[in-house]
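Single-letter residue listing:
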Amino acid sequence: MSASGGTRAIVAALGANLAIAVSKFVAFLFSGSSSMLAEAVHSLADSGNQFLLLLGGKKAQREATPQHPFGYGRERYIYAFLVSIVLFSVGGMFAVYEGYEKIRHPHELENWYWPVGVLVFAIIAEGFSFRTAIRESNELRGKLSWTQFIRRAKAPELPVVLLEDFGALIGLVLALGGVGLALITGDGIWDGIGTLCIGLLLILIALVLAAETKSLLLGEAAGVDDVKKIEAAIVDGNTVTGIIHMRTLHLGPEELLIAAKIAVQHDDTAAEVAHAINAAEARIREAVPIARVIYLEPDIYSKAEAAKGADREATPGGPAPTPPTGH
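Bear in mind that the values here come from a model prediction, so they are computed numbers and not experimental data. (Residues numbered from 1 in each chain as written. Predicted model: local features only at pLDDT ≥ 70, side-chain atom pairs only at ≥ 80, totals over all residues. Heavy atoms only, no water.)

### Let's talk about the overall build of the protein chain
When helices and strands are tallied, the protein chain shows 10 helices and 3 strands. Listing every helix and strand of the protein chain by position from the N terminus yields α-α-α-α-α-α-α-α-β-β-α-β-α. In summary, the protein chain has a C-alpha radius of gyration of 26 Å against a globular reference of 20 Å for 327 residues, an excess of more than 25%. Referenced to the eigenvectors of the C-alpha coordinate spread, the extents of the protein chain come out at roughly 90 × 55 × 35 Å. Looking at the 327 residues of the protein chain, the share that counts as buried comes to 43%. Across the protein chain, the fraction of contacts at a sequence separation of at least 24, relative to all contacts at a separation of at least 6, is 74%. A total accessible area of about 16800 Å² is found for the protein chain, and carbon and sulfur atoms account for 64% of it. Between the averaged position of the 27 positive side-chain charges in the protein chain and that of its 34 negative side-chain charges there is a distance of 2 Å. (Helix = DSSP H or I, 4+ residues; strand = E, 2+ residues; numbered from the N terminus. Rg over C-alpha atoms; globule rule 2.2 N^0.38 Å. Buried < 20%, exposed > 50% of the residue type's maximum accessible area, 1.4 Å probe, protein only. Contact = heavy atoms within 4.5 Å. Areas by Shrake-Rupley, 256 points an atom, 1.4 Å probe, with all protein chains shown as cover. Lys, Arg positive; Asp, Glu negative; His and termini not counted. Charge placed at Lys NZ, Arg CZ, Asp CG, Glu CD.)

### Comments concerning helix α9 (residues 270-287)
The end-to-end C-alpha distance of α9 is 26 Å, a good match for the 26 Å that 18 residues give at a rise of 1.5 Å each. The inward-facing, buried residues of α9 abut α8 (224-234), β1 (240-252), β2 (255-264) and β3 (291-300). (Expected span 1.5 Å × (residues − 1).)

### Quick word on the pattern of salt bridges
Opposite charge on two side chains permits pairing when their charged atoms draw close. Across all of its chains, the model carries 11 salt bridges by this definition. Two residues, Glu255 and Arg292, come together in a salt bridge whose shortest N-O distance is 3.9 Å. With Glu255 in strand β2 and Arg292 in strand β3, this pair connects stretches of sequence that are 37 residues apart. You can call Arg292 partly exposed: its relative accessible area is 47%. (Salt bridge = Lys/Arg side-chain N within 4 Å of Asp/Glu carboxyl O.)

### Side note on the environment of Gly219
Here Gly219 shows up in the loop between α7 (189-218) and α8. Remark: the alpha-carbon pair of Gly219 and Leu249, spanning 30 residues in sequence, is separated by 6.2 Å. Aside from chain neighbours lying at most four places away, what touches Gly219 is Arg74 and Leu249.

### Some points on a nonpolar patch on the surface
Among the surface-exposed residues, Leu29, Phe30, Trp112, Tyr113, Trp114 and Leu183 lie close enough to one another that they form a single nonpolar patch of about 650 Å² accessible area. For the nonpolar patch, the secondary-structure elements that each account for two or more residues are α1 (3-31) and α4 (113-141). For Trp112, the position within the fold is in the loop between α3 (75-104) and α4. (Patch = residues over 30% accessible without salt bridge, like charges linked within 9 Å, V, L, I, M, F, W, Y side chains within 5 Å.)

### Some words on the packing of aromatic side chains
Taken as a whole and assessed by the stated rule, the structure comprises 3 aromatic pairs. Aromatic pair Phe130 and Phe166: ring centres 6.4 Å apart, planes at 45°, arrangement tilted. Of the two residues, Phe130 sits in helix α4 while Phe166 sits in helix α6 (residues 157-185), which places them 36 residues apart along the sequence. Ring geometry for Trp146 against Phe149: centres 6.2 Å apart, planes inclined by 90°, an arrangement best described as edge-to-face. Here Trp146 and its partner Phe149 are both found in helix α5 (residues 146-152), 3 residues apart, which amounts to about one turn of the helix. Relative accessible area serves as the criterion here: at 6%, Phe149 is assigned to the buried category. When the ring centre of Tyr72 is taken as reference, the NZ or CZ atom of Arg62 above it lies at 3.9 Å. If you follow Arg141 out to its NZ or CZ, it ends over the ring of Trp146, 4.0 Å from the centre. (Phe/Tyr/Trp six-rings, centres within 6.5 Å; stacked < 30°, edge-to-face > 60°. Lys NZ or Arg CZ within 6 Å of the ring centre and 35° of its normal.)

### With respect to helix α2 (residues 34-59)
In this model, α2 (26 residues) spans 37 Å end to end at C-alpha, consistent with the 38 Å of a helix rising 1.5 Å per residue. Burial analysis of α2 places 19 of its 26 residues in the buried class, which makes it a mostly covered element.

### Here's the deal with the sheet that holds β3
The pairing of strands in a sheet comes from backbone hydrogen bonds and takes either a parallel or an antiparallel form. The strand order across the open sheet built from 3 strands is β1-β2-β3, with neighbouring strands paired in mixed fashion. Here the strands that pair on one side only, and so sit at the sheet edges, are β1 and β3. On average, each strand axis in the sheet is tilted by 15° relative to the strand beside it, whichever way the strands run. Two elements, β2 and β3, share 9 bridges in a ladder whose sense is parallel. Its bridge partner being in β3, Val264 is matched across the sheet by Ile300. Relative to β1, α8 is tilted by about 140°, and along the sheet it contacts β1, β2 and β3. (Pairing = 2+ DSSP bridges. Axes fitted to C-alpha atoms, helices over the stretch in contact; angles between N-to-C directions.)

### Digging into the packing of α2 against α7
Two elements in contact, α2 and α7, have axes separated by 8 Å at closest approach and are oriented at 25°. It follows that α2 is roughly parallel to α7 by the angle criterion. The residues of α7 that touch α2, namely those facing Ser34, Ser35, Ala38, Glu39 and His42, are Asp191, Gly192, Gly194, Thr195, Ile198 and Leu202. Of the residues assigned to the contact of α2 with α7, the class counts are 3 nonpolar, 6 polar and 2 charged. (Parallel < 35°, antiparallel > 145°, perpendicular 65-115°, else oblique. Nonpolar A, V, L, I, M, F, W, Y, C, P; charged D, E, K, R; others polar.)

Pasting the structure below:
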């Protein structure tokens, strides 16, 4: 994901949410609608979320240090995860509480034209923000479905903004329905039901975001297409005859680590192997520009060793080596 594309979508969402939050708070003060209060808090939380995404993007640009030799690219994942927590707690749980209280103690709406007018304005503003996020995402999505794009995207900003804006639009429709039914029936309980539905929707979106960003925080491999490009770039058919095994890891949305053990001819000189490794690294970076850190270890290919499969004790996540027993 290009930094400019993500930033444009975030700034558009931030501007829309700030304007909407102010208008919803005003509508709540004049009407007493709990749906309006829940939506106002939701928009305020979304504004804070966009600020967190911008802050994470800024912090991720710091140079690597001896304590953090691979840089700070994962800051973007951390702040995206914080967004899911804010959306769950401040947005979802608050709306559920407000809806529950309004259902228990309903009251008639006052000055109904305030919430209705603000909701119409909010739908237009959120629609503009959502359209911007869709346009920026389409530049990267390719042939992927929207579900696949959200699941596979290594840059968290656009999926977060997409889900937030989508949830906001659905929430506005629910709020408008709750207010409308409360006005038609004269029963304020419908406003509470609309608020409760908004809260449940926000909690669901927050859980989806948390699951996806958790996977990125744990460390995801390169995409299937990038792995194929890397494998093709490593093997030259002359000195480097094959790949014994390879691991890839995203250090950040635009930083990829590659570690591979490569097969070389048994009679190659050290100079020839070193030249082949340098050439392979150059080919990898040309094929996959985000490949920033590359470690290639030469070895002599052995069919017998390859048939044994991966060494579980040497694999991350595998069993710990058994310590020797004393006599």
